[in-house]
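The lines below spell out each chain.
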Amino acid sequence: MLKNLTIAIPTYNRNDYLIKLLKTIPASFTGKVVVSDNEGHVTPEIKNTFSNVTFISTNHKLDMFQNWNVALENVTTEWFVMPSDDDLFCKGSFEKIDLILKQNPQGDIFIFGHNVIDENDSIISFWTNIMSTRKSFENVEGFKTFMKGVAARCPSIIMRTELVKKMELFDESLEFTAADSLLIQKCLLYGKSFFVPEIISSYRVWPNNFTNQLVATKRWMDKIEMWVDKLGYVLKTDFFNFFTEAQIKNIKDEIYAQNLLAGISKIRKSDGFLAMLSYIRENRCPYRADFKTQLVFIKVILLG
């Protein structure tokens, strides 16, 4: 089953969770499994246990998206899916993927739903796309679903390898955020997309993860600015017949505003009003964001 699919897994020193993930891949899966072992923490015992997995280990630590790209550079099949080492696949997921790929061999990106789980594997929420039935889109139309933010998560997204390599993989200059969202948006712009409401994976979140530590910092917002600038450039150069200058500015500012709002809300609750004002002054005002978003800004600033 699924000989044309690679499961590409970047990992960094989370062997217990990596084992749990690998155990959710069924024995009937006949595609490839590639693990990019950042800094070489995967033990010989794990490698012997999962002898069907290709492990690529480095003796030095790579940045996050560098490690992700090592996994992708070793994909040779038509499609791939990329879970993080602490994610899980749901029972029956690969049968669903197999069916969709066989029914739609011309597709470039397939977006399924996902559960959100905590560190104990408990489901705390879930996401499926807004369509109640399967939908397909050509190029820009698929992008419009996620043009102001990407709600889907990588362990539930099947992408055509050739297209992703044309997009030059994950943008390593983004360092720690947004490279996945930018790549998904570009694939939706340039490829044929399918949105499938079924849930196939569990995406893990941590109470004090790297995102939570950085989301209310200027460093974080600088990377968000890079993301929207790179997206805006693509829209202006290759898709100027589809989006006006005003629409592009709205898309960029809405993405920026949503991330800025997350930081403002966090600081308002933890450090108070004055600290929040200081954070706002550090960053630019996304005044072209949606009107509803601007109202939320006012509410959070005034009421917390």
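The structure we're discussing is the one just above.
Summarised in this report is the structure supplied together with it. All of these numbers come straight from a predicted model, not from anything done at the bench. (Residues numbered from 1 in each chain as written. Predicted model: local features only at pLDDT ≥ 70, side-chain atom pairs only at ≥ 80, totals over all residues. Heavy atoms only, no water.)

## Points about a nonpolar patch on the surface
Together, Phe291, Leu295, Ile298, Leu302 and Leu303 make up a nonpolar patch on the protein surface, roughly 590 Å² of accessible area in all. With respect to the helices, strands and loops of the structure, Leu303 is situated in helix 12 (residues 291-303). (Patch = residues over 30% accessible without salt bridge, like charges linked within 9 Å, V, L, I, M, F, W, Y side chains within 5 Å. Areas by Shrake-Rupley, 256 points an atom, 1.4 Å probe, with all protein chains shown as cover. Salt bridge = Lys/Arg side-chain N within 4 Å of Asp/Glu carboxyl O. Helix = DSSP H or I, 4+ residues; strand = E, 2+ residues; numbered from the N terminus.)

## Brief notes about the layout of surface pockets
By volume, the largest pocket amounts to about 1600 Å³. Put simply, the parts of the chain that give the lining of the largest pocket at least two residues each are strand 1 (5-11), helix 3 (64-73), strand 6 (109-117), helix 7 (179-190), strand 10 (192-204), helix 8 (210-214), helix 9 (218-238) and helix 10 (245-270). Partitioning the lining of the largest pocket into residue classes produces 25 nonpolar, 13 polar and 12 charged. (1 Å grid on protein atoms, 1.4 Å probe; cavity = no way out; pocket = protein on both sides within 12 Å on 5 of 7 lines; lining within 4 Å. Points joined across faces, edges and corners; volume = space filled by probe spheres on them. Nonpolar A, V, L, I, M, F, W, Y, C, P; charged D, E, K, R; others polar.)

## Topic: the environment of Trp206
Checked against the element boundaries, Trp206 lands in the loop between strand 10 and helix 8. Its relative accessible area of 25% is what places Trp206 among the partly exposed residues. Considering only alpha carbons, one finds Trp206 and Gly304, 98 residues apart in sequence, at a separation of 24 Å. Only 2.8 Å separates the side chain of Trp206 from the side chain of Asp86, close enough to count as a polar contact. (Buried < 20%, exposed > 50% of the residue type's maximum accessible area, 1.4 Å probe, protein only. Polar contact = N/O pair within 3.5 Å; in protein donor to acceptor, adjacent residues only side chain to side chain.)

## Here we look at the side chain of Asp37
Counting through the fold element by element, Asp37 comes out in strand 2 (residues 32-37). It turns out Asp37 is buried and unbridged, and the closest side chain with the opposite charge, Lys47, is 4.6 Å from it. Setting aside residues up to four positions removed in sequence, Asp37 forms contacts with Thr11, Val42, Ile56, Ser57, Thr58 and Asn67. (Lys, Arg positive; Asp, Glu negative; His and termini not counted. Contact = heavy atoms within 4.5 Å.)

## Section: the packing of aromatic side chains
Scanning the model with the defined rule gives 15 aromatic pairs in all. Here Tyr17 and Trp206 contribute two aromatic rings whose centre-to-centre distance is 5.3 Å and whose plane-to-plane angle is 80°, an arrangement assigned as edge-to-face. Placement of the pair is Tyr17 in helix 1 (residues 15-23) and Trp206 in the loop between strand 10 and helix 8, with a sequence separation of 189 residues. Within the aromatic cluster, the residues linked to one another by ring pairs are Trp127, Phe137, Phe146 and Phe195. When the ring centre of Tyr203 is taken as origin, the NZ or CZ atom of Arg153, which lies over that ring, is 5.3 Å away. Positioned above the aromatic ring of Tyr256 is the side chain of Arg284, whose terminal nitrogen or guanidinium carbon lies 4.1 Å from the ring centre. (Phe/Tyr/Trp six-rings, centres within 6.5 Å; stacked < 30°, edge-to-face > 60°. Lys NZ or Arg CZ within 6 Å of the ring centre and 35° of its normal.)

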